[in-house]
Amino acid sequence: MANGQWYPPEWPDRIRALAAGNLTPAAPKRAATVMLLRDADTGPAVHMLRRRASMAFAGGAYAYPGGGVDPRDEHQIRWAGPTRAWWAQRLGVDEAAAQAIVCAAVRETYEEAGVLLAGPTPDSVVGDTTGEDWEADRAAVVARDVSFAEFLDRRGLVLRSDLLGAWTRWITPEFEPRRYDTWFFVAALPEGQRTRNASTEADRTVWIRPAEAADSYDKGELLMMPPTIATLRQLTPYDSAAQALAAAPERDLTPVLAQARLEDGEIVLSWPGHDEFTKHIPTGGAPA
């Protein structure tokens, strides 16, 4: 492998089955992931976690905190920032789904990184969240003993949707058995908070400059899925977390979905707008 692109060995067979009409695509589940940024002397760094090698999906790959939408993310919640109607228009969904997606982004960041984008008032953010009482609450949210809305209500906290910027949207290829329709967000690490590896799915976390991470991917040193390396490259022009957040409202959220087509006796796998991920798969062999 010339770079660090994650490529499962079962993909060629599944792509051939899809092309032959022998595979029915699974319906994608809505998900959210957050590129958490903090400023450093050399520019912004992004928080990444490495998925455990034992994970069935993308084991060993670097990613951002995130996960699937919980149906309870639609529950009534104290809300600050742009309205649900504004988010619905921005994300291209109805208001209930928009709240659920934004709520999932904030919840998953808390579950997996210990960082909470919420505060006691619409213009404040909580500080240190590493105490035992906070950890007990976080564990209860992870275990689904309480919904995120219940957790915020008990703490008297307001979800700060204005601290998020919608960045891009990717849908897992149709030939994958486990599919997600994922919205990627950017956010700045709140003052007084710090990340930690709170995820059972990760064995390592790092703060790394996007350009450095992309360079390590290009050298084959860091394994990543296409959306991860694509978003890292998109972050490299920005000199601060605030600058990236300011750019988010103008970002195109048209979903990126891989396409597989038969061409000259081989299957061509491509991601529209992202030529670097194109793969050529002989009808009876491995990808090139």
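Note that the coordinates shown come from a computational prediction; the quantities given were computed from them, not determined experimentally.

**Q** Residue-level account of the sheet that holds strand β7 (residues 158-160), with values.
**A** With mixed pairing, the three strands of this open sheet are ordered in space as β5-β7-β6. What marks the edges here is a single partner per strand, and that holds for β5 (79-80) and β6 (118-119). Across two bridges, the pairing between β6 and β7 is antiparallel. Across the sheet, Ala118 pairs through a bridge with Leu159, a residue of β7.

**Q** Describe the side chain of Glu108, naming the residues involved and giving the relevant values.
**A** Among the structural elements, Glu108 can be located in helix α3 (residues 95-113). A residue is classified by how much of its surface remains accessible, and Glu108, at 5% relative accessible area, is buried. If near-sequence neighbours (up to four positions away) are discounted, Glu108 is found in contact with Pro65, Gly66, Gly67, Gly68, Ala113 and Arg144.

**Q** So what's going on with unusual backbone geometry? Which residues, and what values?
**A** At Arg144, a position not held by glycine, the phi torsion is positive, near 65 degrees. The topology assignment puts Arg144 in the loop between α4 (132-142) and α5 (148-155).

**Q** Can you tell me about the environment of Leu37, naming the residues and giving the values?
**A** Position of Leu37 relative to the elements: it lies in strand β1 (residues 29-40). Sequence spacing of Leu37 and Ile208 is 171 residues, and the spatial spacing of their C-alpha atoms is 9.4 Å.

**Q** Before we move on, can you summarise α5 with the specific residues and values?
**A** Those residues of α5 that fall on the buried side of the exposure criterion are Phe148, Ala149, Phe151 and Leu152. Each buried residue of α5 lies within a common arc of 160 degrees when the element is viewed along its axis, so the set occupies one face. Opposite the packed face of α5, turned more than 90 degrees from it, sit the exposed residues Asp153 and Arg154. Packing partners of the buried residues in α5 comprise α3, β6, α4 and β7. Looking at the residues trailing α5, positive phi occurs at Gly156, about 70 degrees.

**Q** Residue-level account of the nonpolar core, with values.
**A** Side chains of a nonpolar character, in soluble globular proteins, are inclined to be buried together. One finds Leu91, Leu116, Phe148, Leu164 and Phe185 to be the most contacted residues of the largest nonpolar core, which totals 44 residues. For this core, the secondary-structure elements that each account for two or more residues are β1, α2 (84-91), α3, α4, α5 and β9 (180-188). Top contributing element to this core by residue count: α3, with eleven residues.

Reading the values: rules and limits
Residues numbered from 1 in each chain as written. Predicted model: local features only at pLDDT ≥ 70, side-chain atom pairs only at ≥ 80, totals over all residues. Heavy atoms only, no water. Pairing = 2+ DSSP bridges. Helix = DSSP H or I, 4+ residues; strand = E, 2+ residues; numbered from the N terminus. Buried < 20%, exposed > 50% of the residue type's maximum accessible area, 1.4 Å probe, protein only. Contact = heavy atoms within 4.5 Å. Arc of directions from axis to C-beta. Core = buried A, V, L, I, M, F, W, Y, C linked by side-chain atoms within 4.5 Å.

Honestly, that's just the spatial picture; any functional story needs more than this.
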